[in-house]
Amino acid sequence: MSVSILKGRVAIVTGASRGLGEGIARAFTGEGAVVAMFSRDAQRLQEHSAALKEMGQEAVAFPVDVADVAQVNRAVEQVVSEFGRVDILVNNAAVAPSMLFVEMPDDVRDGVIDVNIKGVWNCTRAVMPHMLKQRYGKVINISSVTGPMVSGKGMTAYAASKGAVSGFTRTLALEVAEYGINVNAICPGSFDTPMFRSVAGKRGWSSDDEYVKHVGKEIPLGRLGTIEEMGDLAVFLASDKSKYITGAEIVIDGGNIIQEHKG
Ligand SMILES: NC(=O)c1ccc[n+]([C@@H]2O[C@H](COP(=O)([O-])OP(=O)(O)OC[C@H]3O[C@@H](n4cnc5c(N)ncnc54)[C@H](O)[C@@H]3O)[C@@H](O)[C@H]2O)c1
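Residues numbered from 1 in each chain as written. Predicted model: local features only at pLDDT ≥ 70, side-chain atom pairs only at ≥ 80, totals over all residues. Heavy atoms only, no water.

Q: I would appreciate a short explanation of a nonpolar patch on the surface in the present structure.
A: On the surface, Met149, Val150, Val251, Ile257 and Ile258 cluster together into a nonpolar patch covering about 400 Å² of accessible area. With respect to the secondary-structure elements, Val251 resides in strand 7 (residues 249-252). (Patch = residues over 30% accessible without salt bridge, like charges linked within 9 Å, V, L, I, M, F, W, Y side chains within 5 Å. Areas by Shrake-Rupley, 256 points an atom, 1.4 Å probe, with all protein chains shown as cover. Salt bridge = Lys/Arg side-chain N within 4 Å of Asp/Glu carboxyl O. Helix = DSSP H or I, 4+ residues; strand = E, 2+ residues; numbered from the N terminus.)

Q: Would you mind showing me how to read the domain arrangement of the protein chain here?
A: Quite often, the size of an interface is put as the accessible area lost when its parts meet. Domain annotation of the protein chain identifies domain 1 (10-189 + 226-252) and domain 2 (195-224). Domain 1 and domain 2 are separated by 24 Å when their C-alpha centres are compared. Opposite the 10 residues of domain 1 that make contact, domain 2 presents six residues. Interface of domain 1 and domain 2: buried area, both sides summed, is about 570 Å²; carbon and sulfur atoms make up 48% of it. Its largest share of buried area at the contact with domain 2, domain 1 owes to Ala96, Ser98 and Glu229, together 53% of the area lost on that side. At the boundary of domain 1 and domain 2, one finds one salt bridge. Salt-bridge contacts for Glu229 lead to Arg223; the nearest nitrogen and oxygen are separated by 2.7 Å. The tally of links from domain 1 across to domain 2 stands at one residue pair in polar contact (both at pLDDT 80 or more). Partitioning the side of domain 1 that touches domain 2 into residue classes produces five nonpolar, two polar and three charged. (Domains from an automatic or database assignment. Contact = heavy atoms within 4.5 Å. Buried area = accessible area lost by both parts, 1.4 Å probe. Polar contact = N/O pair within 3.5 Å; in protein donor to acceptor, adjacent residues only side chain to side chain. Nonpolar A, V, L, I, M, F, W, Y, C, P; charged D, E, K, R; others polar.)

Q: Is there a simple way to explain the pairing of strand 1 (residues 10-14) in this structure?
A: Residues in a regular strand project their side chains so that they alternate between the two faces of the sheet. By the criterion of burial, strand 1 is predominantly enclosed, with five of the five residues buried. Across the two faces of strand 1 the burial is the same, with Val10, Ile12 and Thr14 and Ala11 and Val13 all buried. In this structure, strand 1 lies alongside strand 2 (residues 34-39), joined through five bridges in parallel fashion. Directly across from Thr14, in strand 2, lies its bridge partner Phe38. For the segment spanning strand 1, helix 1 (residues 19-30) and strand 2, crossover handedness is right-handed. Pairing geometry for strand 1 and strand 4 (residues 88-91), over three bridges, is parallel. Counterpart to Ala11 in the pairing with strand 4 is Ile88. (Buried < 20%, exposed > 50% of the residue type's maximum accessible area, 1.4 Å probe, protein only. Pairing = 2+ DSSP bridges. Right-handed = clockwise from strand over helix to strand, strands pointing away.)

Q: It is not clear to me how helix 1 should be interpreted in this structure. Could you clarify?
A: Given 3.6 residues per turn, any residue in an α-helix points the same way as the ones three and four places further on. Between its first and last C-alpha, helix 1 extends 17 Å over 12 residues, near the 16 Å set by a 1.5 Å rise per residue. The buried count for helix 1 comes to 10 of 12 residues, which makes it a mostly enclosed element. Listing the buried residues of helix 1 in full gives Gly19, Leu20, Gly21, Glu22, Gly23, Ile24, Ala25, Ala27, Phe28 and Thr29. Looking one or two residues beyond helix 1, the residue adopting positive phi is Gly32, at roughly 95 degrees. (Expected span 1.5 Å × (residues − 1).)

Q: Help me understand the packing of helix 4 (residues 106-134) against helix 5 (residues 156-176), please; the structure alone is not making it clear to me.
A: Two packed helices can be described by the angle between their axes and the distance between those axes. Relative orientation of the contacting elements helix 4 and helix 5 amounts to 15 degrees, with a least axis distance of 9 Å. With respect to each other, helix 4 and helix 5 are oriented roughly parallel. Judged by the sense of rotation from one axis to the other, the crossing of helix 4 with helix 5 is right-handed. Contacts from Arg109, Val112, Asn116, Ile117, Val120, Trp121, Thr124, Met128 and Leu132 of helix 4 reach helix 5 at Ala157, Tyr158, Ser161, Ala164, Val165, Phe168, Leu172 and Val176. Of the residues that constitute the contact of helix 4 with helix 5, the class distribution is 13 nonpolar, three polar and one charged. (Axes fitted to C-alpha atoms, helices over the stretch in contact; angles between N-to-C directions. Parallel < 35°, antiparallel > 145°, perpendicular 65-115°, else oblique. Left-handed = near helix turned anticlockwise from the far one by under 90°.)

Q: Honestly, the sheet that holds strand 5 (residues 137-142) in this entry has me stumped. Any pointers?
A: Adjacent strands of a sheet form backbone hydrogen bonds with each other and so pair up, either parallel or antiparallel. One open sheet accounts for seven strands, arranged 3-2-1-4-5-6-7; its pairing is parallel. Lying at the two open borders of the sheet, with one neighbouring strand each, are strand 3 (59-63) and strand 7. Each strand of the sheet is rotated relative to its neighbour by a mean of 20 degrees, with strand direction disregarded. Here helix 3 (residues 69-83) sits on the sheet and contacts strand 1, strand 2 and strand 3; the angle it forms with strand 3, its principal contact strand, is near 155 degrees. Sheet strands in contact with helix 5 are strand 5, strand 6 (181-188) and strand 7, and its direction is about 160 degrees off that of strand 6.

Here it is as structure tokens:
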């Protein structure tokens, strides 16, 4: 008999309308959690939560811009008043404009900082008092290998923002460890999502399918990661199977960054 390892847990997943956030939200509901899906794309969110409910799983959509602290605070209060607690926060929402440093306007840079750093800050700030009171919580920050470990041209703002997420993850992990709260980061390599496909044109590819195939061939495991595989890792970090792990950055990249030579 299979056991639902997140049964009874209440989770918030940001950027849950598509890509990795969608995969994580599905994996959590599949393991019995109630999931509050935060994203700006209200229509897609409604469709997902309706589809999950039809499958007998519990997901509720909240249209939230994570960069807007008032919207975040309101939505977190709604989650707590509706479900009584919040056990898991996945800070997944992010933007990734690819633009050379000398060409990047300040407003594009600020957009990255607002979503990728302040968004993580806002959501964590809003849930933390509840987790401290419960003396229980799991914060999972979706970072990247880009920034903390490697980088590419055009990624100054994005890489800087993910580097900030690393420092934030470690420091907060230290501050809340004594309350039984785990704070970890996941560093994905290349996953097949709309964000990943959106850079194909900028990298000179006329077809995003061809780009996905090309990148996949250079990865030791021979392909990009799937949103289901990201869901599996997030479930592990959200569950008590990982309770002695905190302040860690876990790479999930099919072996890509350990290669000395590609191909
Ligand atoms: N796909 C990859 O290969 C890859 C690699 C490394 C890291 N990541 C990280 O994984 C996470 C998810 O990436 P993805 O590829 O699924 O991206 P995506 O662009 O496909 O999805 C991002 C989601 O975030 C939401 N979002 C963006 N700004 C928001 C805001 N202000 N408020 C609320 N929601 C907002 C979008 O609506 C969307 O649902 C990001 O943190 C990204 O940096 C992805």
